[in-house]
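Coordinates in review
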Amino acid sequence: MSEETNSEHAHDEHHDHPFPTWVTFGHTKDPIEGFLKVFLWLVFWTLLEVGAILQEFSFGVTMIVLFGIAAIKCWFIGSFFMHMTWDPPLVTRTAAVPTFFMIVLFLAIGLTSPGAVDDLRAVCGF
Amino acid sequence: MITTNLKKLSIGFLIAILVAITAFPTGNGLPTGITDQNTTETVIANGCTCHNTDTQATNSVIVNLTLPGNFTSGETYTLILNLSGGPNELSDGENRGGFFITASDGELSPIANDSLVQKPFGLTHLTHTVEGNDYREWTFEWTAPDKQDISVEFVAYGNSVNGGDGSQNDYWNKQAITLYGVDAVIEIETQKELSGPQKIIYAFAIIAVTLGVVVIGNQMVTKDQAFEEVLKGYWKAIYPWLTTTDHKYVGTLYICTGFAWFFIGGILGLLIRWQLMEPRVDGDFLTYEEYNSTFTMHGTTMIFMAAMPIIFGFANYLIPLQIGARDLAFPRLNALSYWLLPTGGIVLYMGYFTGGAGDVGWTGYTPYSSGDSSTTPGTDFWVAGQIMLGASSTLTAINFMVTMLRMRAPGVTMMRLPLFSWSILITVFLLLLSIPVFTVALILLMADRTFGTLYFNIDAGADPILWQHLFWYFGHPEVYIVILPAFGVLSEIITTFSRRPIFGYTSMVYAMATIGVISFIVYGHHMFTTGADPLFRFIVMLTTMLVAVPTGIKIFNWLATMTGGSIVLKTPMVFALGTVITFTIGGITGIVLASIPIDIALHDGYFVVAHFHYVLVGGTIFAFIGGVYYWYPKMTGKMMNEKLGLLHFAMSFIFFNAAFYPMHNVGLSGMPRRYATYDASLADMNEFISIAAMIFGFSQLIFVYNVFYSYKNGEEAGDDPWDGWSLEWTTSSPPPHNSFTEIPTLKVAEEEKQ
Amino acid sequence: MSDDYGHHGTIAPFLFCVATAVMFIGLVMATAGGEDKTGDTGYWFIFFFGLAGMLTGFMIWVQDYWNQTSEESEEIEVYHEFWGTITTRKFGMWIFLLTEVMVFSTLLSAYLRYRAAVPDYDPTLAECVGIDPCWVPAADVIRSHLIFGIINTFALLLSSLTVVLALYAAKNNNPKATTRYLFATLVLGSIFLVLKLWEWGEMKNGHFWGEECSVTVGQDIANHCIAPKYEHGFWLDTSLEGSTFYITTGTHGAHVFIGLIALVYLIAKANKDGYNEEYHDTIELFGLYWHYVDLVWVFVFPFFYLY
């Protein structure tokens, strides 16, 4: 009696879950293999992170590298493990909701301490 | 002739002098100290009762007696008695203090050649001399008795003299200390006296138990039932309530619980107003610390245990009806959300049983709340209780978001949702994103208090302002969380009683959504005096003023709705109209406070208290009382008494304004908030406010009576007594068990014409 | 009370809440009660009693699901297509995860605030003479034993993979494999927690030393000597660096722990009835939570362990 309109993820033997080819280094039929490759990517990025920190770059470069790699890993986990690539747009849009509020939180709480930014005006250039 | 007259005159004078002498108050407060036997006995029995019009000891006078740790027989010790507190803080000067001390054993004696202390002839105690009454500290000696395995009790009285007025307006206190000999066996001291609030709570408990006994006993006698049968009968009635997951019953539980806590919060509010009836010294009615607990618990109770539950109660009851669903998406989770409320409330109030409830303000600013000066464990209970309440709100938010987005009936598109539903949807969206921040803040506070973390510890380099950021990031959306549903209720009532749809439905929806989003970027206006960055303050001032625009749009839309309609003036509508007026006033004072320079002057004063009571009581509470009058027929199938309703409105509206409007004035005059006393020049205003507030409080009893009376004797309501058009009015009153027998389809009026 | 679509009344919510209240009362009194307001240890019994009650409430709650073998009765009809493209419970889980995003954002913002307020320790900076006013991150203490953090990261990443594999095993009608993958997840998650707790213990007691720093300016902290302010160990009341480190990683650890409890239920259920093609949504829901926990670690790891 339930009429779930979830044909998008009608899971049968033959998964119609394409992985982007660059992720799996070529076409792969078996989603298990696809997920394994995603895992290997995650391992790779983690090693890159550790390597980056051992290089001891400057503060700015370190921040960009670490944050960037974290964001990439986040994308991998979200898109594939959490199924967002193949989910309906409702999921992606729901997940995007906190973005604005997170930014407000980080700016307002993270950067308003007396030592953080001496004068926001100076930073913003006026 | 003169001689005869002179004789008469001199006799007359003598008599006059004798009368004067006998009429002279022979109080215990002799500037010469307590020197005669009779007075001594009176003082030992009653204390320095001639001082202080209340003849009671006052907690604010602190009598400090410095004693050695223990005594050895025959040794002589130097003791110091010191007085502080009381009507004035000057330590020395004419007529400042007096004392009287007894020891149950051993011998007290003044130090040789000391002119400040005397031991009256033939008596065993020490007291001050005339010269000694200009001081507040006296030193003397005590020689221990022969035995050193006994304990000696010292009773010291101190009188804090205000330097004039005879014995009026002096305050005294007494201190009893037991000193043990080196070989004495120390007895464990028994429990101290109960605090005021503890007494009240125990009194209520005793009354409740007595009532329980009477009710059960009555049942046993009149129905000839055994004790177990009576209990089983009640259990059978209660058990369904404990286990329900039906949105209507959970909603009813929420509403009843919310109003019950509203009354408790109201009593706390009346305690505040009684305290502020006149300027008082510490301990006169409440101690200053008890006052801090009172306004803290008043605020926390009103917002978290009254306003939000009432809102969720109506939401629970009505949202599924308004969107045409059978229940919420997660009914059991809903029940969990509800039960976290009374249990969390009990945890919150546990402080009253353990030495003092949380006294950190409902805003709980650090480092006061993270340090030693806040009550312990009262403040810890305050934190723990709110963690539970925060969890409750989060689960509710998840439930409602899923329900309202997924479970609408056919035809109920988003832009056809009733405005109350829209208001709840946006409210839960705000809850979803702001409560977690507050919960984390509470956990950090608990960690600082309990586990020694340093998040708010200045010495460790932390920033107590972090708390303010975290709190107000939640706190500001929170106040919109309590007002948006009120806007929703107003829209419902005004449209039904103007007999026309809302003017500008789309703009109403967008206005509420805009208010919701902007509410996250205005919170800095609570922090104008923290030394925050000027640019941050400027941005926040602008956004705060900006949020008035959508709010104003809503107010104008309500007015336009009424202008274009034909008004039916029943109680719900009367409350709605009153709400629009008082909320608008509150909104305007909010804009006044948005201006940084004005706020810096008025921050933490009564102008702010006036502002938020106008929007919270004049906005949320009045709107939801109107909501009760409006939806009561739907929920119970009975109509409420119209006359009582109008009387309730008149009393509430008049006395609410009488109580809270003058707060703007005293605030502008500089009266600070959260102070247990104030400058004497504002006494008349405050007395007026207090009396008005008490009448306002008591007039709510009319409402309570109406609710109960109408449940038994109200007129039958029928499905749609007010001729409303939203889906809840299509089902019976009260709705059947599964709310709708068939899921309805919402049609638009134009469609039906075909 | 309504039961037209399977939700009957239940005592579980009431019981759970009463138990929670008892637990909190016990906790507060045990840590802040008593004559001297520093804790009345007799109340720990009350705390554990409350905890037991909470567990009982949870077990009564899941009683209904224990015997379920299909999702049919759970799903409610949807009349508005866009919102019906995923199941009710999946939608609910995603919305719950939004609140968790805010939780960890708050913790990270507070950390950012404190970290940005003072410069990182640099021997050439004037204000860092004496070391204390400058930030000596947890990463410095961890550097010499970073391998454990890396093992933990891999364990968590692998556990995310195993959960996905469990879900696909169920979809492929392989209940035995499902159970095994779920069990593997449990093992990996447990390794994570055990290693973390052990690491914490070592740091608290001041083990994992590199060389101790002398206070002379010019001593190269970059070579990761241990700052004097940590000479007695690195714990949550040692310094702000400690408080932020332990509370953030601790909150994450608590989320892992709760996940493991849910996982125990899943394994028990998988063992009993087996998840299969028809019935596997619970694994998907758990998976979303578990991947989120992994996601948080993806951010916590670089910003607390590496830098």
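Quick caveat: nothing in here was measured; it's all calculated off a predicted structure.

Residue and element names in this part refer to chain C. Nonpolar side chains collect at one region of the surface, where Leu55, Phe58, Met59, Phe257, Ile258 and Ile261 lie side by side and expose about 570 Å² of accessible area between them. With respect to the helices and strands, phenylalanine 257 occurs in helix α7 (residues 240-272). Given the relative accessible area of 48%, phenylalanine 257 is considered partly exposed.

A few words on the interface of chain C and chain B. Counting residues at the interface gives 61 residues for chain C and 71 residues for chain B. Across the chain C to chain B interface the summed buried area is about 5,700 Å²; carbon plus sulfur atoms make up 74%. At the surface where chain C touches chain B, the tally comes to one salt bridge. Taking the shortest distance from any N to any O, the salt bridge between aspartate 463 of chain B and arginine 113 of chain C comes out at 2.7 Å. Applying the counting criterion to the chain C and chain B interface returns twelve residue pairs in polar contact (both at pLDDT 80 or more).

Moving on, we come to the packing of helix α7 (residues 331-349) of chain B against helix α1 (residues 12-32) of chain C. α1 of chain C packs onto α7 of chain B with a crossing angle of 30 degrees between their chain directions and a minimal axis gap of 8 Å. Judged on the interaxial angle alone, α1 of chain C and α7 of chain B are roughly parallel. In this structure, α7 of chain B meets α1 of chain C at a crossing whose hand is right-handed. Here Arg332, Ala335, Leu336, Trp339, Leu340, Thr343 and Val347 of chain B of α7 of chain B lie close against α1 of chain C, whose contacting residues are Pro13, Phe14, Phe16, Cys17, Val18, Ala21, Phe24 and Ile25 of chain C. A breakdown of the residues in the contact of α7 of chain B with α1 of chain C according to their chemical character gives 13 nonpolar, one polar and one charged.

Residues and elements named next belong to chain B. Here strand β8 (residues 151-160) lies mainly inside the structure; eight of its ten residues are buried. Here seven bridges tie strand β3 (residues 97-103) to β8, and the two strands are oriented antiparallel to one another. Of the residues in β8, the one forming a bridge with alanine 103 is phenylalanine 154. The pairing of β8 with strand β9 (residues 171-180) spans ten bridges and is antiparallel. Bridged to alanine 156 within β9 is glutamine 175.

Conventions used here
Residues numbered from 1 in each chain as written. Chains lettered and ligands numbered in written order. Predicted model: local features only at pLDDT ≥ 70, side-chain atom pairs only at ≥ 80, totals over all residues. Heavy atoms only, no water. Patch = residues over 30% accessible without salt bridge, like charges linked within 9 Å, V, L, I, M, F, W, Y side chains within 5 Å. Areas by Shrake-Rupley, 256 points an atom, 1.4 Å probe, with all protein chains shown as cover. Salt bridge = Lys/Arg side-chain N within 4 Å of Asp/Glu carboxyl O. Helix = DSSP H or I, 4+ residues; strand = E, 2+ residues; numbered from the N terminus. Buried < 20%, exposed > 50% of the residue type's maximum accessible area, 1.4 Å probe, protein only. Contact = heavy atoms within 4.5 Å. Buried area = accessible area lost by both parts, 1.4 Å probe. Polar contact = N/O pair within 3.5 Å; in protein donor to acceptor, adjacent residues only side chain to side chain. Axes fitted to C-alpha atoms, helices over the stretch in contact; angles between N-to-C directions. Parallel < 35°, antiparallel > 145°, perpendicular 65-115°, else oblique. Left-handed = near helix turned anticlockwise from the far one by under 90°. Nonpolar A, V, L, I, M, F, W, Y, C, P; charged D, E, K, R; others polar. Pairing = 2+ DSSP bridges.

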